[in-house]
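What follows is each chain in one-letter form.
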Amino acid sequence: MKENLIKHTVDLVKIPSVIGNEKEIADYVEAFLKRHLKNIIRHNNSLIAFNDFEPSKKNITLLGHLDTVPGSNDYTGQVIDGKIYGLGASDMKGGLAVMMTLIEYFSNKESKYNLVYVFYEKEEGPYQENGLEPLLQNYDIIQKSDIAFALEPTNNRIQMGCLGTMHGWVKFKGKRAHSARPWEGENAIHKAYKLLEKLYNFDRKEYDFEGLKFYEVMNATMVEYSGGRNIIPEEFRININYRFAPGKTIEQAKQEFIDFVGNQAEVEFTDISPAGKVCKDNPILKEMINQFNLQVEAKQAWTDVGRLSLYGVDAVNFGPGDTAQAHQKNEYIPVENLIKNFEIYSKFFSVT
């Protein structure tokens with residue numbers, strides 16, 4: 001199956017699919033799915049595919065997003081020194097290639113599970129626009145999973161849970177004036193110095209959750225202001241991104257954010273995503289970890305494991321991509337990672 005893994009990955013990275021432009025890649029994947037599986041559901045540019053369920057078998061869902069972040073790659077589709085290059089190669093078209101190769105593999109071989117494959121759009125953008133949400137709202141097949149695997153880049157390690165994330169604009173108000181006579185106004189940028197100092201001194205906070213180490217972080221990521229270079233600004237806004245540990249609700253995290261800002265400025269939340277459940281007690285997952293002696297660690301980022309947790313679905317991240325390559329210029333994925341990931345899934349799903 002090595003040739004299939006390489007071919008699918010190369011073909012996928014050659015199809016541009018920056019978030020919001022997934023139609024071409026969705027058409028390509030849909031045509032592939034129709035050649036191999038009985039049941040295909042398409043919702044916008046997202047797909048669910050599966051064969052008829054056998055009631056005696058447990059259900060497993062494999063998920064992967066079709067979109068990439070914007071970027072460039074000088075070696076798109078090339079295989080150099082055992083690495084496949086292309087935008088999204090690690091995040092996460094290599095994972096999609098594993099899913100497609102598994103579909104081929106089990107087209108003439110029995111699996112001990114009912115396998116559901118989900119390819120969806122708009123993962124790399126705002127939480128509310130994510131293409132997995134309408135699939136969960138309009139169809140109940142994913143919720144029937146005994147466990148779901150998101151093939152996000154994890155270097156073939158099981159990454160449990162995920163950090164929650166929220167963005168908030170912190171708004172400082174001042175008074176407009178000429179910069180030659182600043183005493184006639186009130187500089188909104190200057191008023192932010194105490195909060196910026198707090199952020200500068202905000203060290204990562206380690207949280208031990210069910211034996212896994214997560215790190216909470218808070219960072220200023222964008223700023224906006226009103227005025228010009230010779231104007232004392234009347235408004236200054238800082239976007240703060242807070243990554244919070246599993247075990248905290250969205251309301252708890254929002255309150256911590258507000259408490260951190262205090263009475264220095266107004267807060268406007270713009271994008272909030274829940275933390276993911278750590279499902280260490282899932283029997284299928286425990287069997288897989290033990291069978292292949294897989295390394296287990298915390299997911300120090302957000303993925304749709306958080307969204308699936310809200311729907312009561314046990315889920316983990318386990319994919320072939322190199323986490324250090326995600327969103328990088330000249331992104332690549334090692335071929336050996338693809339092979340290892342495919343071998344683990346195919347052996348685990350096979351009837352012995």
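Before reading on, note that the structure itself is shown above.
Throughout this description, residue numbers start from 1 for each chain and increase along the sequence as written. Note on the predicted model: pLDDT of at least 70 is required for a residue's local features to be given, and 80 or more for side-chain atom pairs to be given and counted; whole-chain, interface and lining totals, by contrast, use all residues. Only hydrogens and water are set aside when side-chain values are computed; all heavy atoms of the structure are taken into account.

Asker: So what exactly am I meant to see when it comes to the overall build of the protein chain here?
Answerer: Looking only at helices and strands, the protein chain features nine helices and 18 strands. For 352 residues, the compact-globule formula gives about 20 Å, and the C-alpha radius of gyration of the protein chain, at 23 Å, lands near that figure. Its C-alpha atoms give the protein chain principal-axis dimensions of roughly 80 × 40 × 40 Å. Note on definitions: a residue-residue contact is assigned when non-hydrogen atoms from the two residues lie within 4.5 Å. Nonlocal contacts in the protein chain, meaning residues at least 24 apart in sequence, comprise 77% of its contacts between residues at least 6 apart. Helical segments are the DSSP runs of H or I of at least four residues, strand segments are the runs of E of at least two, and each set is numbered from the N terminus. With C-alpha atoms as the basis for the radius of gyration, the globule rule is written as 2.2 Å multiplied by the number of residues raised to the power 0.38.

Asker: Would you explain the sheet that holds strand S11 (residues 205-209) in this entry?
Answerer: Adjacent strands of a sheet form backbone hydrogen bonds with each other and so pair up, either parallel or antiparallel. Strand pairing is assigned whenever DSSP identifies at least 2 bridges connecting the two strands. Read across the sheet, five strands follow the order S11-S12-S14-S9-S15 without closing on themselves; strand pairing throughout is antiparallel. Because the sheet does not close on itself, it has two edges, and the strands there are S11 and strand S15 (266-273). Sheet twist, expressed as the mean angle between neighbouring strand axes with direction ignored, is 25°. Looking at chain direction, strand S9 (residues 164-173) and S15 are connected through seven bridges and run antiparallel. Bridging from a neighbouring strand, Gly-168 pairs with Phe-269 of S15. Here the axes come from fitting lines to C-alpha atoms, over the contacting stretch only for helices, and the angles between their N-to-C directions go from 0 to 180 degrees.

Asker: Got a minute to help me understand the pairing of strand S3 (residues 58-65) in this structure?
Answerer: Successive side chains on a regular strand alternate, one facing one side of the sheet and the next facing the other. Here's how the labels work: a residue is buried when its accessible area is under 20% of the maximum for its type, exposed when over 50%, partly exposed in between, all with a 1.4 Å probe on protein chains only. Extensive coverage of S3 is indicated by the burial of seven of its eight residues. Where S3 meets strand S7 (residues 147-150), four bridges bridge the pair, whose relative direction is parallel. Considered in S7, the bridge of Leu-62 is made with Phe-149.

Asker: I tried to follow the sheet that holds strand S6 (residues 113-120) on my own but got confused; where do I start?
Answerer: Strand order in the open sheet formed by eight strands is S1-S2-S6-S3-S7-S17-S8-S16, and the pairing between neighbours is mixed. Each having just a single partner strand, strand S1 (39-43) and strand S16 (296-298) make up the two edges of the open sheet. Averaged over all pairs of adjacent strands, the angle between their axes in this sheet comes to 25°, without regard to strand direction. Where S7 and strand S17 (residues 315-317) come together, three bridges link them in parallel fashion. Residue pairing in the sheet places Ala-148 in a bridge with Ala-315 of S17. Relative to the sheet, helix H2 (residues 23-34) contacts S1, strand S2 (46-50) and S6, its axis offset from that of S1 by approximately 165°.

Asker: Can you help me understand the packing of helix H1 (residues 2-13) against helix H3 (residues 89-105) in this one?
Answerer: For the pair H1 and H3, interaxial distance at closest approach is 8 Å and the crossing angle is 130°. Relative to H3, the element H1 lies oblique. Judged by the sense of rotation from one axis to the other, the crossing of H1 with H3 is right-handed. Of H3, the residues touching H1 (which contributes Asn-4, Leu-5, His-8, Thr-9, Leu-12 and Val-13) are Ala-89, Lys-93, Gly-94, Leu-96, Ala-97, Val-98, Met-100, Thr-101 and Glu-104. Its residues assigned to classes, the contact of H1 with H3 comprises eight nonpolar, five polar and two charged. These descriptions rest on fixed angle ranges, namely under 35 degrees for roughly parallel, over 145 for roughly antiparallel, 65 to 115 for roughly perpendicular, and the rest for oblique. We call a crossing left-handed when the near helix sits turned anticlockwise from the far one by less than a right angle, and right-handed when that turn is clockwise. By the convention adopted, Pro, Cys, Tyr, Trp, Phe, Met, Ile, Leu, Val and Ala count as nonpolar, Lys, Arg, Asp and Glu as charged, and the other residues, Gly among them, as polar.

Asker: Help me out: how do you make sense of the layout of surface pockets in this one?
Answerer: With a probe scaled to a water molecule rolled over the atoms, the places where space remains empty come into view. Cavities and pockets are found on a 1 Å grid laid over the protein atoms alone: a cavity is a set of points where a 1.4 Å probe fits but cannot escape, a pocket is an open set with protein on both sides within 12 Å along at least five of seven lines, and a lining residue has an atom within 4 Å of such a point. Grid points are joined across faces, edges and corners, and a volume is the space filled by probe spheres set on the points. Empty space within the largest pocket amounts to approximately 800 Å³. Along the walls of the largest pocket sit 29 residues, with Glu-124, Arg-243, Ala-301, Trp-302 and His-327 positioned nearest its centre. Within the residue set of the lining of the largest pocket, elements represented by two or more residues are S9, strand S12 (212-225), strand S14 (235-244), S15 and S16. Residue classes in the lining of the largest pocket are distributed as 10 nonpolar, 11 polar and eight charged. In this structure, the second largest pocket spans a volume of roughly 300 Å³. At four residues, the largest contribution of residues to the lining of the second largest pocket is made by S6. Across the lining of the second largest pocket, the residue classes break down as seven nonpolar, five polar and five charged.

Asker: Would you take a moment to explain the environment of Asn-282 for this structure?
Answerer: When you line up the elements, Asn-282 lands in the loop between S15 and helix H7 (283-292). Overall, Asn-282 belongs to the buried group, its relative accessible area being 4%. In this structure, the C-alpha to C-alpha distance between Asn-282 and Asp-314, residues 32 residues apart in sequence, is 7.4 Å. Setting aside its immediate chain neighbours within four residues, Asn-282 contacts Asp-146, Ile-147 and Asp-314. Definition of a polar contact: a pair of N or O atoms within 3.5 Å, with one able to donate and the other able to accept a hydrogen when the atoms are protein atoms, and with sequence-neighbouring residues admitted only if both atoms are side-chain atoms. From its side chain, Asn-282 meets the backbone oxygen of Asp-146 in a polar contact 2.9 Å long.

Asker: Sorry if this is basic, but what is going on with unusual backbone geometry here?
Answerer: Residues apart from glycine generally show negative phi values, whereas peptide bonds are mostly found in trans. Between Asp-91 and the following residue, Met-92, the backbone shows a cis peptide bond with an omega angle of -5°. One non-glycine residue, Asp-81, lies in positive phi territory at about 50°. Looking at the element boundaries, Asp-81 is found in the loop between strand S4 (79-80) and strand S5 (83-85). Classification of Asp-81 by relative accessible area gives exposed; the value is 74%. The phi torsion at Asn-155 lies on the positive side, around 60°, for a residue other than glycine. Mapping Asn-155 onto the fold places it in the loop between S7 and strand S8 (158-160). Taking relative accessible area as the criterion, Asn-155 reaches 27% and is therefore assigned partly exposed.

Asker: Hey, could you run me through the packing of aromatic side chains in this one?
Answerer: Centre distance and the angle of the planes are the two values used to describe a pair of aromatic rings. A pair of Phe, Tyr and Trp rings is counted when the ring centres sit within 6.5 Å of each other, with Trp represented by its six-membered ring. The angle between the planes then sorts it: under 30 degrees is stacked, over 60 is edge-to-face, the rest tilted. Summed over the entire model, instances satisfying the criterion amount to 17 aromatic pairs. Seen in terms of ring centroids, Phe-202 and Phe-260 are 5.6 Å apart; in terms of plane orientation they differ by 85°. Their pairing is edge-to-face. Taken as a pair, Phe-202 in the loop between helix H5 (193-200) and S11 and Phe-260 in helix H6 (residues 250-261) lie far apart in primary sequence, 58 residues in all. Under the relative-accessibility criterion, Phe-202 is labelled buried at 18%. Between Phe-257 and Phe-269 the ring centres are 5.1 Å apart and the planes differ by 65°, which places this aromatic pair in the edge-to-face class. With Phe-257 in helix H6 and Phe-269 in strand S15, this pair connects stretches of sequence that are 12 residues apart. Owing to a relative accessible area of 22%, Phe-269 belongs among the partly exposed residues under this scheme. Following the ring pairs from residue to residue traces out a cluster consisting of Tyr-105, Phe-106, Tyr-113, Phe-149, Phe-292, Phe-318, Phe-342, Tyr-345, Phe-348 and Phe-349. Geometrically, a charge over a ring is one whose NZ (Lys) or CZ (Arg) sits within 6 Å of the ring centre while staying within 35 degrees of the ring normal. In this structure, Lys-198 is placed above the aromatic ring of Phe-260, and the distance from its NZ or CZ to the ring centre is 4.3 Å.

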